[in-house]
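A structural walkthrough
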Amino acid sequence: IGAGTAASEIAVLYRINARSEAYEEAFAAAGVPYQVRDGSFLRRPGPRAVIARLRRAEGEIEVTQAVAAVTEAIGFLAGGLGDDAGEEETTRQADLGRLRALASEYAAAAGDEESVAGFLAELEHRFAAERQGRGVQLMTYHRAKGLEFDAVFLPRLLDGELPFRARKSEADPDEERRLL
């Protein structure tokens, strides 16, 4: 982190929780401590459900097959979201898709050594920097209301992201302006 600014005084804000995972991975890979306010990747409903089911998986099943089966069982839509998907479902589907991609990456890297237990350990390691305590604050715009930081980053200021639009579910533009 730059000289003079404490990591805990730096915030990265995004519109929906589905966006945190990329920042979590980048900070973890760089060894930068971070803290996710209510919504880190592994604690969100989709990944939590997949991990719980994978922990109960038995036998010598390939990781990509196991993750594909579990994500399908809990409602992953490979063909895309329906017309009525809102923020929560958009985040859940993105998380399930990301778990599938992470499983493929892990399987390719692990080769013959791949295992479901190894994949779960890799996930814990990949997202472990949050355990280091306070660091860069990752949160949605909503969670940042009333908080102050010395440095704030607002990536993804794109149409469709702010104001948020997901098929039929659109946020109120006036509320989104106030939020920003």
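Starting afresh in each chain, residues are numbered from 1 along the sequence in its written order. At least 70 in pLDDT is required for a residue's local features to be given in this predicted model, at least 80 for side-chain atom pairs to be given and counted, and no such filter applies to totals for whole chains, interfaces and linings, which use all residues. Note that the side-chain values use all heavy atoms of the structure and ignore hydrogens as well as water.

Examining helix H4 (residues 87-110)
For H4, built from 24 residues, the straight-helix expectation of 34 Å at 1.5 Å per residue is met to within 8% by its first-to-last C-alpha distance of 34 Å. Looking only at H4, the buried set comprises Thr90, Thr91, Gln93, Asp95, Leu96, Leu99, Leu102, Ala103, Tyr106 and Ala107. Secondary structure counts use DSSP, requiring at least four H or I residues in a row for a helix and at least two E residues in a row for a strand, with both numbered from the N terminus. Where H4 terminates, the next one or two residues include Gly111, which has phi positive at roughly 60 degrees. A helix is expected to span 1.5 Å for every residue after the first. Accessible area is worked out with a 1.4 Å probe on protein chains only. A residue is then buried under 20% of its type maximum, exposed over 50%, and partly exposed in between.

Quick look at the pattern of salt bridges
Salt bridge, as used here, is a side-chain nitrogen of Lys or Arg placed within 4 Å of a carboxyl oxygen of Asp or Glu. Inspection of the entire model under this criterion finds seven salt bridges. In this structure, the salt-bridge partner of Glu21 is Arg98, at a minimum N-O distance of 2.8 Å. Taken as a pair, Glu21 in helix H1 (residues 20-30) and Arg98 in helix H4 lie far apart in primary sequence, 77 residues in all. In this structure Glu21 comes out as buried when scored by relative accessible area, which is 8%. Here Glu89 and Arg92 are joined by a salt bridge, their closest N and O atoms 3.0 Å apart. A residue pair is termed a helical-turn pair when its members lie 3 or 4 positions apart in one helix, as Glu89 and Arg92 do in helix H4 at three residues. Judged by its relative accessible area of 25%, Glu89 is partly exposed. Each member of the salt-bridge network shares a partner with another, and the members are Glu21, Glu25, Arg98 and Glu105.

A look at the packing of helix H3 (residues 63-73) against H4
Viewed as axis vectors pointing N to C, H3 and H4 meet at an angle of 170 degrees, and their least axial separation amounts to 8 Å. In terms of their interaxial angle, H3 and H4 are classed as roughly antiparallel. Facing H3, whose interface residues are Val63, Thr64, Val67, Ala68, Thr71 and Glu72, H4 presents Leu96, Leu99, Arg100, Ala103, Ser104, Tyr106 and Ala107. When the residues that make up the contact of H3 with H4 are grouped by side-chain class, the tally is eight nonpolar, three polar and two charged. For helices, the fitted line uses only the C-alpha atoms of the stretch in contact; every axis is such a line through C-alpha atoms, and the angle between N-to-C directions lies from 0 to 180 degrees. When an angle is under 35 degrees it counts as roughly parallel; over 145 it counts as roughly antiparallel; between 65 and 115 it counts as roughly perpendicular; any other value is oblique. Here, residues are in contact when the closest pair of their heavy atoms is within 4.5 Å. Note on residue classes: Ala, Val, Leu, Ile, Met, Phe, Trp, Tyr, Cys and Pro are nonpolar, Asp, Glu, Lys and Arg are charged, and everything else, Gly too, is polar.

Remarks on the packing of aromatic side chains
To pair, rings of Phe, Tyr and Trp, with the six-membered ring standing in for Trp, must have centres within 6.5 Å; the planes then decide the type, stacked if under 30 degrees apart, edge-to-face if over 60, and tilted in the middle. In this structure the tally under the stated criterion is three aromatic pairs. Between Tyr14 and Tyr23, the aromatic rings sit 6.0 Å apart at their centres with planes inclined by 15 degrees, giving stacked as the arrangement. Pair check on accessibility: Tyr14 and Tyr23 agree, each one buried. Seen from their ring centres, Tyr106 and Phe119 are 5.7 Å apart, and the 55 degrees between their planes marks the pair as tilted. Here the residue Tyr106 occupies a position in helix H4, and Phe119 occupies one in helix H5 (residues 116-126), the gap between them amounting to 13 residues. Given a relative accessible area of 12%, Tyr106 falls into the buried group.

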